[in-house]
Number of protein chains: 2
Amino acid sequence: MLGRENAVSVDEARELIARHVPVRTPPVEKLEIGDCYERVLAEDLSSPEDLPAFSRSTVDGFAVKSSDTFGASETLPSYLNVSQEIVMGKESLLALKGGTAAKIPTGGMLPEGADAVVMFEHVQSVDGSLIEILKPVAPGENVISAGDDIRKGEIVLKRGSLLRPQDVAAIAGVGVQEVAIYERPKVAVVSTGDEIVPLGGPLRPGQVRDINSYNLAGLIFENGGEPVKKGIIQDVYEDIRNVVEESLKECSMVLISGGSSVGVMDLTAKIIDSLGSPGVIFHGVALKPGKPTIGGVVNGVPVFGLPGHPAAVTVCFDIFIKPVLSMLTGVNRKEFLSRRTLTARLAKNVSSVHGREEHVRVAVEERDGELWAIPVLGKSGLIRTLVMADGTVIIPPHKRGLQEGEVVEVELF
Amino acid sequence: MLGRENAVSVDEARELIARHVPVRTPPVEKLEIGDCYERVLAEDLSSPEDLPAFSRSTVDGFAVKSSDTFGASETLPSYLNVSQEIVMGKESLLALKGGTAAKIPTGGMLPEGADAVVMFEHVQSVDGSLIEILKPVAPGENVISAGDDIRKGEIVLKRGSLLRPQDVAAIAGVGVQEVAIYERPKVAVVSTGDEIVPLGGPLRPGQVRDINSYNLAGLIFENGGEPVKKGIIQDVYEDIRNVVEESLKECSMVLISGGSSVGVMDLTAKIIDSLGSPGVIFHGVALKPGKPTIGGVVNGVPVFGLPGHPAAVTVCFDIFIKPVLSMLTGVNRKEFLSRRTLTARLAKNVSSVHGREEHVRVAVEERDGELWAIPVLGKSGLIRTLVMADGTVIIPPHKRGLQEGEVVEVELF
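In what follows, the accompanying structure is described. (Residues numbered from 1 in each chain as written. Chains lettered and ligands numbered in written order. Predicted model: local features only at pLDDT ≥ 70, side-chain atom pairs only at ≥ 80, totals over all residues.)

**A short note on the overall build of chain A**
Reasoning step 1: Of the regular secondary structure elements, chain A holds seven helices and 28 strands.
Reasoning step 2: In terms of overall size, chain A is more extended than a compact globule, its C-alpha atoms giving a radius of gyration of 31 Å where 413 residues would be expected to give roughly 22 Å.
Reasoning step 3: Buried positions account for 50% of the 413 residues belonging to chain A.
Reasoning step 4: A sequence separation of at least 24 residues applies to 73% of the contacts in chain A between residues at least 6 apart. (Helix = DSSP H or I, 4+ residues; strand = E, 2+ residues; numbered from the N terminus. Rg over C-alpha atoms; globule rule 2.2 N^0.38 Å. Buried ≥ 20, exposed ≤ 12 C-beta atoms within 10 Å, placed from the backbone. Contact = placed C-beta atoms within 7 Å.)

**Focus on the relation of the copies chain B and chain A**
Reasoning step 1: When chain B is brought onto chain A, the operation consists of a screw motion whose angular component is 180 degrees and whose axial shift is 0.0 Å, with 0.1 Å RMSD remaining. Between the two chains, the operation in question is that of a two-fold axis. Of the C-alpha atoms belonging to chain B, the one lying closest to the rotation axis is found on R340 of chain B, 3.2 Å away.
Reasoning step 2: Taken together, the interface assignments show that 100% of the residues at the interface of chain B recur at the interface of chain A, consistent with an identical surface on both copies. (Least-squares fit on C-alpha atoms with pLDDT ≥ 70 in both.)

**Side note on unusual backbone geometry**
All names here are of chain A.
Reasoning step 1: The amide bond that connects S277 to the next residue, P278, takes the cis arrangement and shows omega of -5 degrees.
Reasoning step 2: Residue placement: P278 occurs in strand β18 (residues 278-283).
Reasoning step 3: Non-glycine residue N299 carries a positive phi angle of around 50 degrees.
Reasoning step 4: The topology assignment puts N299 in the loop between β20 (294-298) and β21 (301-306).
Reasoning step 5: The backbone of D368 sits at a positive phi, close to 50 degrees, despite the residue not being glycine.

**Focus: the sheet that holds strand β6 (residues 100-104) of chain B**
Residue and element names in this part refer to chain B.
Reasoning step 1: Judged by pairing direction, the sheet is mixed, and its six strands sit side by side in the order β7-β4-β6-β5-β9-β8 without closing on themselves. The sheet is open, and its two borders are formed by β7 (116-119) and β8 (123-127), each paired with just one other strand. Taking the axes of each pair of neighbouring strands and ignoring which way they run, one obtains an average angle of 40 degrees across the sheet.
Reasoning step 2: Taken together, the three bridges between strand β4 (residues 61-64) and β6 define a ladder with antiparallel strand orientation. If you follow A63 over to β6, its bridge partner there is A102. (Pairing = 2+ DSSP bridges. Axes fitted to C-alpha atoms, helices over the stretch in contact; angles between N-to-C directions.)

**Concerning the environment of E226 of chain B**
All names here are of chain B.
Reasoning step 1: Locating E226 in the fold gives a position in strand β16 (residues 226-233).
Reasoning step 2: Each C-alpha atom of the pair E226 and P185 lies 5.9 Å from the other, and the pair is 41 residues apart in sequence.
Reasoning step 3: With residues near it in sequence (within four places) discarded, E226 still touches R184, P185, K186 and V187.

**Considerations on the packing of helix α4 (residues 237-250) of chain A against helix α5 (residues 262-275) of chain A**
Helix-helix packing is characterised by the crossing angle of the two axes and by the distance between the axes.
All names here are of chain A.
Reasoning step 1: Viewed as axis vectors pointing N to C, α4 and α5 meet at an angle of 50 degrees, and their least axial separation amounts to 10 Å. In terms of their interaxial angle, α4 and α5 are classed as oblique. Handedness of the crossing formed by α4 with α5: right-handed. Along the contact surface, α4 presents Y237, I240, R241, V244, E245 and L248, while α5 presents L267, I271, S274 and L275.
Reasoning step 2: Among the residues forming the contact of α4 with α5, the class breakdown is seven nonpolar, one polar and two charged. (Parallel < 35°, antiparallel > 145°, perpendicular 65-115°, else oblique. Left-handed = near helix turned anticlockwise from the far one by under 90°. Nonpolar A, V, L, I, M, F, W, Y, C, P; charged D, E, K, R; others polar.)

**Digging into the nonpolar core**
Reasoning step 1: I171 of chain A together with V190, M253, V254, L255, C316 and V324 of chain B are the most contacted members of the largest nonpolar core, which has 95 residues in total.
Reasoning step 2: No other element matches the 13 residues that helix α6 (residues 310-329) of chain B contributes to this core.
Reasoning step 3: The residues contacting L255 of chain B, other than those within four sequence positions of it, are V187, A188, V189, V190, L216, F304, L306 and I321 of chain B.
Reasoning step 4: By size, the runner-up hydrophobic cluster in this structure holds 94 residues, among which are V187, A286 and A311 of chain A together with I171 of chain B. (Core = buried A, V, L, I, M, F, W, Y, C linked by C-beta atoms within 7 Å.)

**Things to note about helix α1 (residues 10-20) of chain B**
Residues and elements named next belong to chain B.
Reasoning step 1: Considered for burial, the residues of α1 that qualify are V10, A13 and I17. Viewed end-on, α1 has its buried residues packed into an arc of 65 degrees, placing them on one side of the element. In this structure, α1 carries D11, A18 and R19 as exposed residues pointing more than 90 degrees from its buried face.
Reasoning step 2: The elements touched by buried residues of α1 are β18 (278-283), β19 (287-288), β20 (294-298), α6 and β24 (357-367). (Arc of directions from axis to C-beta.)

**Re the sheet that holds β21 of chain A**
Residues and elements named next belong to chain A.
Reasoning step 1: Here six strands make up an open sheet; going across it, the order is β16-β13-β17-β21-β20-β18 and the pairing mixed. What marks the edges here is a single partner per strand, and that holds for β16 (226-233) and β18. Between one strand and the next, the sheet's axes are offset by a mean angle of 20 degrees, whatever the strand orientation.
Reasoning step 2: Bridge analysis of β20 against β21 gives five bridges, and the strand direction is antiparallel. In the sheet register, G295 faces β21, and the bridge partner there is F304.
Reasoning step 3: Those strands touched by α4 are β13 (186-192), β16, β17 (253-257), β20 and β21, and its axis lies near 175 degrees from that of β13.

**Points about the pairing of strand β6 (residues 100-104) of chain A**
Residue and element names in this part refer to chain A.
Reasoning step 1: Across the five residues that make up β6, a large majority, four, are buried.
Reasoning step 2: In terms of strand pairing, strand β5 (residues 78-85) meets β6 through four bridges, oriented parallel. Directly across from Q84, in β6, lies its bridge partner A102.

**What to know about the interface of chain B and chain A**
Reasoning step 1: Contact residues are listed per partner, giving 81 residues for chain B and 81 residues for chain A.
Reasoning step 2: In terms of residue count, the dominant contributor to the side of chain B that touches chain A is helix α2 (residues 165-173) of chain B (eight residues).
Reasoning step 3: Here the residues of the side of chain B that touches chain A sort into 41 nonpolar, 21 polar and 19 charged.

**Some thoughts on α4 of chain A**
Residue and element names in this part refer to chain A.
Reasoning step 1: With 14 residues, α4 extends 20 Å from end C-alpha to end C-alpha; this agrees with the ideal 20 Å at 1.5 Å per step.
Reasoning step 2: Buried within α4 are the following residues: I240, V243, V244, S247 and L248. Looking down the long axis of α4, one finds its buried residues gathered within 140 degrees of arc, a one-sided arrangement. Seen from the buried face of α4, the exposed residues on the opposite side, beyond 90 degrees, are E238, D239, K249 and E250.
Reasoning step 3: Next to the buried residues of α4 lie β13, β16, β17, α5, β20 and β21. (Expected span 1.5 Å × (residues − 1).)

Nothing here speaks to function; it is geometry throughout.
Written as structure tokens, this is what we have:
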């Protein structure tokens, strides 16, 4: 028996990562806000001005002193003289006197002296300059006051916010043009394997093309990192060690994607151990696919050794690497918002080995208004199972499988 | 009464859009696959080669003729001579003879004559060159045959596929370097309003900064389009008309974001009608926020007039613009995969007007392991309600509100 007997559970591996990977925030850069979509704010952003900067009407109508309308009704209206018409985007220099009203469009600036707006619907015109108010308005009614949206000095967005379109819009709204943004953490991808050849070269018998670095680069990018491809390295201790050592200096995390043979995984573990402390923190996980995964930390930088099978790469990324990468981006986000799940019925029985967490790839189909998760069967070495699948269903270690018809949660890719 | 009495329902507006907006696929560009993440494939991609190109072992073990192992057991093992060791990435030039085995690593190429691999776990070494097989293997066991993953000529990905990391990896795996990709559809953003000033300029009384074009640009980009900002245009018929006319020539969709005053919305409608057929298809929707929305089509190009309030912009984008933009990207994706929803309990009663679809912004919080949707109250003119919210809860037109504690579906931003 060639042993991976001391495989840890998924939870133990997670705990080892949490214990050994130090929390680090990335360096900060200044960016124009138009370049900040989906980036992470590196400062508590406080507003330099009131938004709006003045009291605005929220309806088309007449700006009034609200006290002039108290008691007004359809049978006993208040009569007001129209003293002016507010022009959009302009300040009225004429203060509103008692007993008068100013015609105002939605978004118009209230004249001094006015404290509410009566909607057109509650106004009857007597002649060009006299109107009847048919319904009273309370002070502040149909008005957004200066600073009602965002007050000067108020924190608009906190450090660690992942900037969505509306967040960038709010920053524009308070007149800020440049903000401090965390740099995308660099993640090195070291492809190893004597059989791996780059795209574009000829393919000789026994060789396969580099699949995993394309998968990993996409996963890193989608999760806020900047992939740094270090090329394809032959399975030679010194060669891999040199590239990993160089990567540790440049990057915030290092992923070594390689074969799944025991020899190659042992080589990877030896290299991680040789480069610094604590080195390998686990080697082998009770997980399918992804059993030979290696987790390590070298002088504070997380290093993962990933099995060569594409589906194992995707599963390990999701379970172990994504949370670490998320921490390295500096993002502060409710965990449940970053998950994408669907509830569906399992279309087929799936068996599983007791004591091992299994991730089953599934395609999701709608049949008669109900969602069904159809297991995509196939060895984890196949990239097609990942292409055909929409997500994964997790079978926890204490279960021996899932039944057809059972309601399952699908974690979408 | 200044009427928007002929407002259509949300479903009617959707139906009018479906009827009048023609299906168009965008132009095609050729891209290196490393630039294709999250882009849409514009061809049925067929594989130029078998993947893998040869039969590979999926385990560390010994390649054998399976017939040599039939009947083998712990008590009565088969004895085989180790005739060679397969080197990773190399073709073995030595065919396997009956009664012999070849040591092989995971991923190694099977020698001619071998049809299965016995795992190390089921092998006992007698001496350096003789082994005992303790368990039989079936033909093909622990082997991926040539083309098992993807066969030469097979369609790997269909036209319209949104390329995920694993899809790009599969394309790399079959040796394709460049693929046909749909260009991102250009969407013009025309900001109108006499009160709107660009970021960076001074803010005079009565003026507000351009918020909506930042919100729209982000929403367009996140949904696969390329925003084309046409600047801020004063509320002058000829000026807006010229910019919209120019935008119709350059772009696949035009969004006019402006005030919410009746006068300005009427101006927008008149301009859409003046530019071509059929012009305005609806003006006013039984929707909150978003009532003054205008939908139009000018010679096949969809044009939307959006109210100036930020929350209305977000809601209208989600309901009306996103599906049209999705069609314009050429993507072919199961609808339920593009939705991001959460189930939560409503933390507060929310009332609603009968006959109108209401979109309530909510923040989602976890309390004692349960998710709660907390309505973010405030007029739709406030950008802060969007910043504080994680998504929206929809109150359908036939309801008069939702009760505290009710289970609701939150559509996440």
